[in-house]
Amino acid sequence: FINLPNNIYSFFPLQMEMLFLFCLALKGEILAQLAGLGLLVLLLLAMALYYRRNISMKFTALVPVLFFSTPTFFEGSITAYVDVAVAGFMFFAYYSWDRMRADKAWVFPLAVFAGAAAGTKLTAGIVLPIAIIGILLQKQNFRESLKPALIVIASVLLFLLPWWTKNYNYSGNPFVPLLMQIFGGEDRINWDSDRFLLFDQFVKSIGMGRGIKEFLLLPIHLAFFSETNGPRFDGQIGIQHLLLLPGILFLRRGNAKAWKHTLALATVFSILLIFWFFYFQYIRFLASPFIFLSLILAHGFGQMTATGALIKRLALILAAMVIAYNTSLILADWKNAEPLPYLLGRQTR
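J.: Account for the pattern of salt bridges, with residues named and values stated.
T.: Enumeration according to the criterion identifies five salt bridges in this entry. Linking D192 and R195 is a salt bridge whose minimum nitrogen-to-oxygen distance equals 3.6 Å. Take R195: its relative accessible area is 32%, and that puts it in the partly exposed class. Among the charged side chains, a network of salt bridges with common partners joins D83, K121 and R284.

Structure below.
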């Protein structure tokens, strides 16, 4: 650990940054980028596996495509951002919770992935209350819930312990930059409570409002007004999720298993989206809720194509068009970067 008292981010959990640093020390930035991309590949495989096991065998490929072709999520998977990794750990935890229905031993992967999420990004701590509520709802009584709940809590605390210990060593406050009014630390690092409030106000200035009207207009705002390096959400979603949203009107209870899983996905998505809406309206922070949304939209799309030949044909054309459009947004960044001259040896590094 190296103390960086003038960089407040150095006091946050940095699990993925340690992995990046390890890769940088071994083979440079390419390996570090591949580590982030590798986690994305695992996430996409897990999404497809969950969909095939619990929802449908049809249009499985649409699930990872919907997520991967979102410009900001694609970009975040090959840069030093950790949001896609956090999303992966959170979904792995959800997948483990789902498998706990049949095998209680899955509580251990659930505990590890919940801890990995919290140890990677402080805001991912929301995974703990969601997991505890999920365990309480899954078990028959409180006594049955107590042991797995305590295992998950202990794992999350264990993953956070190195960072809390480091913070306490450097500032006297294990939770710095939080709770400085109670535990102090202002005299030992270049930060204080007033500056934290200003930082919080800056974070909440990103987006297009936090009222009821803005929440109802969120699908349109995200699709058409998000922009990279700008105050409107700071990132790009594209139009595919908005245009595939009507597919949820075709969801029905015919398949009881798929319907039950879709309701669970919708519940977690709603919690994560509301949490994001009121606190951190950065597009890259949407990676976690949009995993669940992608699964729901793929299911709705599959149900929509089953209603008739004409609707199926139109739906397939629509899906191809919106995915192609989102892909063009991704390729535009590559075009701006102009990698070809370097690859052809016409430019030095």
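J.: Pulling in residues and values, what's your account of a nonpolar patch on the surface?
T.: On the surface, L136, F142, L146, L150, I153 and L157 cluster together into a nonpolar patch covering about 540 Å² of accessible area. No other element matches helix α8 (residues 142-171), which puts five residues into the nonpolar patch. Here I153 is to be found in helix α8. Note on I153: relative accessible area 31%, which makes it partly exposed.

J.: Residues and numbers for the packing of aromatic side chains, please.
T.: In this structure the tally under the stated criterion is 26 aromatic pairs. By the ring-pair criterion, three or more aromatic residues cluster together here, those being Y50, F91, Y94, Y95, W97, W106 and F292. Of note, R284 hangs over the ring of Y282, and the distance from its end group to the ring centre comes to 4.9 Å.

J.: Provide a residue-level description of the packing of helix α6 (residues 107-120) against α8, including the pertinent values.
T.: As a packed pair, α6 and α8 sit with axes 8 Å apart at the nearest point and diverge in direction by 35°. Here the hand of the crossing between α6 and α8 comes out right-handed. The residues of α8 that touch α6, namely those facing V107, F108, L110, A111, V112, A114, G115, A116, A118 and G119, are P148, I151, V152, S155, V156, F159, L160 and W163. Within the contact of α6 with α8, the residues separate by chemical class into 15 nonpolar, three polar and no charged.

J.: Go over the nonpolar core, please, and point to the residues and values.
T.: One finds L43, F67, F91, Y94, W276, L286 and F292 to be the most contacted residues of the largest nonpolar core, which totals 87 residues. Residue contributions to this core peak at 12 residues, all from helix α5 (residues 83-99). Apart from residues no more than four positions distant in its own chain, F292 is found in contact with F91, Y94, L265, V268, F269 and L272. Of all hydrophobic cores here, the second largest spans seven residues; its members include I8, V176, M180 and W191.

J.: With reference to specific residues and values, describe helix α16 (residues 309-337).
T.: Here α16 contains 29 residues, and its C-alpha end-to-end distance of 43 Å stays within 8% of the 42 Å for a straight helix at 1.5 Å per residue. Within the sequence span of α16, burial applies to A315, A319, V322, I323, N326, L329 and I330. Among the structural elements, α3 (62-68), α4 (71-77), α13 (240-244) and α15 (287-305) are those in contact with the buried residues of α16. A positive backbone phi angle near 50° is found at E338, which sits one or two residues after α16.

Criteria and thresholds
- Residues numbered from 1 in each chain as written.
- Predicted model: local features only at pLDDT ≥ 70, side-chain atom pairs only at ≥ 80, totals over all residues.
- Heavy atoms only, no water.
- Salt bridge = Lys/Arg side-chain N within 4 Å of Asp/Glu carboxyl O.
- Buried < 20%, exposed > 50% of the residue type's maximum accessible area, 1.4 Å probe, protein only.
- Patch = residues over 30% accessible without salt bridge, like charges linked within 9 Å, V, L, I, M, F, W, Y side chains within 5 Å.
- Areas by Shrake-Rupley, 256 points an atom, 1.4 Å probe, with all protein chains shown as cover.
- Helix = DSSP H or I, 4+ residues; strand = E, 2+ residues; numbered from the N terminus.
- Phe/Tyr/Trp six-rings, centres within 6.5 Å; stacked < 30°, edge-to-face > 60°.
- Lys NZ or Arg CZ within 6 Å of the ring centre and 35° of its normal.
- Axes fitted to C-alpha atoms, helices over the stretch in contact; angles between N-to-C directions.
- Left-handed = near helix turned anticlockwise from the far one by under 90°.
- Contact = heavy atoms within 4.5 Å.
- Nonpolar A, V, L, I, M, F, W, Y, C, P; charged D, E, K, R; others polar.
- Core = buried A, V, L, I, M, F, W, Y, C linked by side-chain atoms within 4.5 Å.
- Expected span 1.5 Å × (residues − 1).

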